[in-house]
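Structural overview
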Amino acid sequence: MRRLLLWAAGNRWLATHVPRWRFARRAVRRFLPGEGFEAALKAAVDFRSRGIGALLTLLGENITDLEDAEKVVQHYEEVLAATGDVQAEISVKPTQLGLDIDEEAAYANLQRLARAAVKVRSFVWIDMEGSAYTDRTVELYRRLRTEHAHVGIALQAYLYRTVSDVATLMPLKPAIRLVKGAYAEPSDIAFADKKEVDANYLALAVFMLPEVKRHRLRLVLATHDVDLVAKAWRYAQALDMQRAELEIAMLYGIRTDQQERLAREGFTVRDLIAYGDAWYQWYLRRLAERPANVWFVARQLLPS
Ligand code: FDA
């Protein structure tokens, strides 16, 4: 089922037609507060009142025209200016900034966002996409981090190479958002077995925690796997870390009760709020993460 859903995420015909179907639009609302930025901002304000920070992301990827990338950059510049009070951070996909067309243009766009973020003391995260982009994305981040402090990168625990990426980036005092990985990858580059992915996730987190303690790394555990978070916290305690030093991020609409619990307990929690109309691929990846969600979609077909 996971493979089928990830295949559907890459299918052009479905990508054009599914977003027009009313039941699909209804189902996607579970993971989006709304398509417009206003709904995302409102959700961010609401989370803040519950002690949870926000990470905003405008949906869209693999753009084919640099003018679209320019619109994305302008949009985020406005977002950063508008969200100073809620101290939201932003998260962007390199292919939404033009990586498929011109790597230098994508880099220049990232630089603009980093400059806009620092003005309002915000932060720019670079999402990690499929493995065809890993080398270029790590390189973009390496360059960006040498010039800007408020920038971070997502790294995927399902890739064998991630331990080496962490080691290579460490001298830069990086910010790393550790995720399990959301794409279909071949077994010669990625763990296929979920248990192995989970084990590698914990090993990577444990490897990085001492650097967090030494203030040489900002680490965000981006996972809904609260058992893994609890295990990482046991290691953090052994290092004498405080709860607020452990950062956790989850997606809007998923395990909100756990986000609230962790925030109440004193951990630093952020909710990634996605918005925009280009939700098809993103949404399919969310379904693939938990195929039981497909039943939720099926229920939307029934009259309410
Ligand atoms: P896992 O899949 O083991 O889930 C743990 C539990 O959480 C499940 O048992 C279930 O109860 C619940 N759960 C998880 N996903 C759910 C869903 N979709 N619906 C309902 N319940 C669900 N990936 C990537 O490749 N590049 C990136 O840049 C990012 N960025 C990113 C940011 C943030 C803040 C998060 C939380 C995640 C990402 N991801 C990502 C996605 C990530 O790689 C991964 O696919 C998902 O987080 C699902 O894996 P978990 O770590 O949650 O564990």
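Keep in mind that what you see is a predicted model, and the values were worked out from it rather than measured. All residue numbers here refer to positions counted from 1 along the written sequence of the relevant chain. Note on the predicted model: pLDDT of at least 70 is required for a residue's local features to be given, and 80 or more for side-chain atom pairs to be given and counted; whole-chain, interface and lining totals, by contrast, use all residues. Values reported for side chains reflect all heavy atoms of the structure, with hydrogen atoms and water molecules removed beforehand.

Quick look at the site of the ligand now. Neighbouring the ligand are 25 residues; Lys180, Gly181, Lys194, Thr223 and Glu289 lie closest to it. Under the rule applied, a polar contact is a pair of N or O atoms within 3.5 Å (in protein, one hydrogen donor and one hydrogen acceptor; residues adjacent in sequence only if both atoms are side-chain atoms). Within the contact set of the ligand, an oxygen atom lies 3.1 Å away from a backbone nitrogen or oxygen of alanine 182. When contributions to the shell around the ligand are tallied by element, the ones reaching two or more residues are strand 4 (151-156), strand 5 (175-179), strand 7 (247-251) and helix 12 (280-289). The greatest single-element share of the shell around the ligand, amounting to 3 residues, is contributed by strand 7. When grouped by side-chain class, the residues that make up the shell around the ligand number 11 nonpolar, 5 polar and 9 charged. Here, proximity means that at least one heavy atom of the residue falls within 4 Å of the molecule or strand. A run of H or I in DSSP becomes a helix once it reaches four residues, and a run of E becomes a strand once it reaches two; helices and strands are each numbered from the N terminus. In the scheme used here, Gly and all other residues not listed as nonpolar or charged are polar, with Ala, Val, Leu, Ile, Met, Phe, Trp, Tyr, Cys and Pro taken as nonpolar and Asp, Glu, Lys and Arg as charged.

Notably, asparagine 62 is not glycine yet its phi reads approximately 50°, a positive angle. Inspection of the secondary structure puts asparagine 62 in the loop between strand 1 (53-58) and helix 5 (66-82). The backbone of lysine 173 sits at a positive phi, close to 50°, despite the residue not being glycine. Secondary-structure assignment places lysine 173 in the loop between helix 8 (162-169) and strand 5. Buried means the residue's accessible area, taken with a 1.4 Å probe over protein chains only, is under 20% of the maximum for its type, while exposed means over 50%, and partly exposed covers the values in between. Lysine 173 sits in the partly exposed class, given a relative accessible area of 42%.

Here a strand pair is declared whenever DSSP counts at least two bridges between the two strands. The strand order around the closed barrel built from 8 strands is 1-2-3-4-5-6-7-8, with neighbouring strands paired in parallel fashion. Strand-to-strand twist of the sheet, defined as the mean angle between neighbouring strand axes without regard to direction, takes the value 25°. Relative to strand 7, strand 6 (residues 218-222) runs parallel, the two being bridged by 3 bridges. Counterpart to alanine 222 in the pairing with strand 7 is alanine 249. By definition, residues are in contact when any of their heavy atoms lie within 4.5 Å. Axis lines are fitted through C-alpha atoms, for helices just across the contact stretch, and the angle between N-to-C directions can take any value from 0 to 180 degrees. Set on the sheet, helix 6 (residues 103-119) makes contact with strand 2 (89-92), strand 3 (124-126) and strand 4; between it and strand 3 the angle comes to about 150°. Of the strands in this sheet, strand 4 and strand 5 touch helix 8, which is tilted by about 160° from strand 4.

The next subject is the packing of helix 9 (residues 194-213) against helix 10 (residues 226-238). Running from N to C, helix 9 and helix 10 cross one another at 30°; their axes reach a closest spacing of 10 Å. When the axes of helix 9 and helix 10 are compared, the pair comes out roughly parallel. Seen from above, helix 9 lies across helix 10 with right-handed handedness. In this structure, helix 9 contributes Asp198, Tyr201, Leu202, Val206 and Leu209 to the contact, and helix 10 contributes Leu228, Lys231, Ala232, Tyr235 and Ala236. Among the residues making up the contact of helix 9 with helix 10, the classes are represented as 8 nonpolar, no polar and 2 charged. Here the word oblique covers every angle except those under 35 degrees (roughly parallel), over 145 (roughly antiparallel) and from 65 to 115 (roughly perpendicular). Handedness of a crossing is defined here by the sense of rotation of the near helix relative to the far one, left-handed for an anticlockwise turn of less than a right angle and right-handed for a clockwise turn.

Two elements in contact, helix 8 and helix 9, have axes separated by 11 Å at closest approach and are oriented at 15°. Classified by the angle between their axes, helix 8 and helix 9 sit roughly parallel to one another. In the crossing of helix 8 with helix 9, the sense of the turn from one axis to the other is right-handed. On helix 9, the residues touching Thr162, Val163 and Val166 of helix 8 are Leu204, Phe207 and Met208.

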